Amino acid sequence: MELGLEGKLTVVTGAARGIGAAVARGFATEGAKVLAVDLSEDVADVAKEVGGESLVIDLASPGAAEKIASVSGELGGADVLINNAGISRPAPLCDTTDEQWEAVVDVNLGVAFRMIRALWSQLCSHDGAVVNLASFASKRSTLFGNNSSYVAAKHGIAGLTRAAAFEGASQGLRVNAIAPGVVDTDMIKSVHDADTRAKIMGFIPQSRFADPSEIADLALFLASRRSAHICGEVVNINGGLCMD
Ligand SMILES: NC(=O)c1ccc[n+]([C@@H]2O[C@H](COP(=O)([O-])OP(=O)(O)OC[C@H]3O[C@@H](n4cnc5c(N)ncnc54)[C@H](O)[C@@H]3O)[C@@H](O)[C@H]2O)c1
């Protein structure tokens, strides 16, 4: 399928590893120009591999989104924004500290909002697209609970997606989100031990986790004109874990 993403400047947050790195590779394979952003200096290796640019920055720091917009502006302006960076700090609700709550809500939701706001004019003037990384937890609670900050932030991403899609629709910008179930990345390994991962597998009709490249494939479609009439959707990709 011809995606028409050649030369499109694609800003990918959280691109040093996992889903973000797979997305960077996927866009580069389609001929897009990638600006890979992450807290980790490993992002430079990903950018080098895909022939793109990198920026090491804490997305939660003041002015980060504006700084990224300035760099993407110098590169010709963003065509696509993939709001992928995220963190999870699981804990029972009553043991969740203010700091944990604020960090999880800010990195998963606040950063996505600030990135959309900072890149809005570049994206609109390029008939652009935003793809947010939502989650199964944007639609349900997590399977074993104990992650209220993440569930709240990911439900917020679904709302932000719809609100931004509504405003963007008349200004040349499409906004959608991807809701993975479980993807085989460091995040999942850090949040769940092997026993819990095996239990989760039991809830997935396809009996496997997603490969990060499968999330990248959906991001490519949602960023391309092949999905031009899809607006404000939170698209499941979860092997049947959650169907709606
Ligand atoms: N892995 C899954 O099963 C799964 C399922 C549903 C949704 N998601 C979502 O997909 C996205 C990517 O997940 P992943 O599994 O690849 O995660 P990951 O932990 O493997 O990678 C996340 C990346 O984001 C970067 N990052 C985190 N905080 C940052 C900050 N403040 N500034 C800059 N960079 C920062 C990290 O350094 C890391 O490179 C997240 O939004 C996550 O919530 C993941």
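Residues numbered from 1 in each chain as written. Predicted model: local features only at pLDDT ≥ 70, side-chain atom pairs only at ≥ 80, totals over all residues.

Q: Before we move on, could you go through the overall build of the protein and cite the residues and values that matter?
A: Broken down by element type, the protein carries eight helices and seven strands. The C-alpha atoms of the protein give a radius of gyration of 17 Å, which matches the 18 Å a tight globule of 244 residues would have. Across its three principal axes, the protein shows a C-alpha extent of roughly 45 × 40 × 35 Å. Evaluated residue by residue, the protein yields a buried proportion of 47% over its 244 residues. Summarising the internal contacts of the protein: among those between residues at least 6 apart in sequence, 72% fall at separations of at least 24. (Helix = DSSP H or I, 4+ residues; strand = E, 2+ residues; numbered from the N terminus. Rg over C-alpha atoms; globule rule 2.2 N^0.38 Å. Buried ≥ 20, exposed ≤ 12 C-beta atoms within 10 Å, placed from the backbone. Contact = placed C-beta atoms within 7 Å.)

Q: I'd like a description of the site of the ligand, backed by residues and values.
A: With respect to spatial proximity, 26 residues lie near the ligand, and among them Gly 14, Gly 18, Gly 86, Thr 185 and Met 187 are the closest. The set of elements that each furnish at least two residues to the shell around the ligand consists of helix H1 (18-29) and helix H6 (186-191). Taken together, the residues that form the shell around the ligand break down as 14 nonpolar, eight polar and four charged. (Near = placed C-beta within 6 Å. Nonpolar A, V, L, I, M, F, W, Y, C, P; charged D, E, K, R; others polar.)

Q: So what's going on with the nonpolar core? Which residues, and what values?
A: Of all hydrophobic cores here, the largest spans 78 residues; its most connected members are Ala 24 and Ala 219. Here this core takes 11 residues from helix H4 (residues 98-125), the largest share from any one element. (Core = buried A, V, L, I, M, F, W, Y, C linked by C-beta atoms within 7 Å.)

Q: So what's going on with the pairing of strand S2 (residues 33-38)? Residues and values would help.
A: Within S2, six of the six residues are buried, leaving the element largely enclosed by the surrounding structure. Sheet topology places strand S1 (residues 9-13) next to S2; five bridges connect them, and they run parallel. Looking at S2, one finds that Val 11 is bridged to Leu 35. Alignment of S2 against strand S3 (residues 53-56), held across four bridges, turns out to be parallel. Within S3, the residue paired with Asp 38 across the bridge is Val 56. (Pairing = 2+ DSSP bridges.)

Q: So what about the sheet that holds strand S6 (residues 174-180)? Which residues, and what values?
A: Across the sheet, seven strands lie side by side as S3-S2-S1-S4-S5-S6-S7; this open sheet has parallel pairing. In this open sheet, the two edge strands, each paired with only one partner strand, are S3 and strand S7 (234-237). On average, each strand axis in the sheet is inclined to that of its neighbour by 15 degrees, with strand direction left out of account. Pairing geometry for strand S5 (residues 129-133) and S6, over five bridges, is parallel. Across the sheet, residue Asn 132 finds its bridge partner in S6, namely Ala 177. Contacting S1, S2, strand S4 (80-83) and S5, H1 crosses the sheet at an angle of about 170 degrees to S1. (Axes fitted to C-alpha atoms, helices over the stretch in contact; angles between N-to-C directions.)

Purely geometric numbers; function is a separate question.
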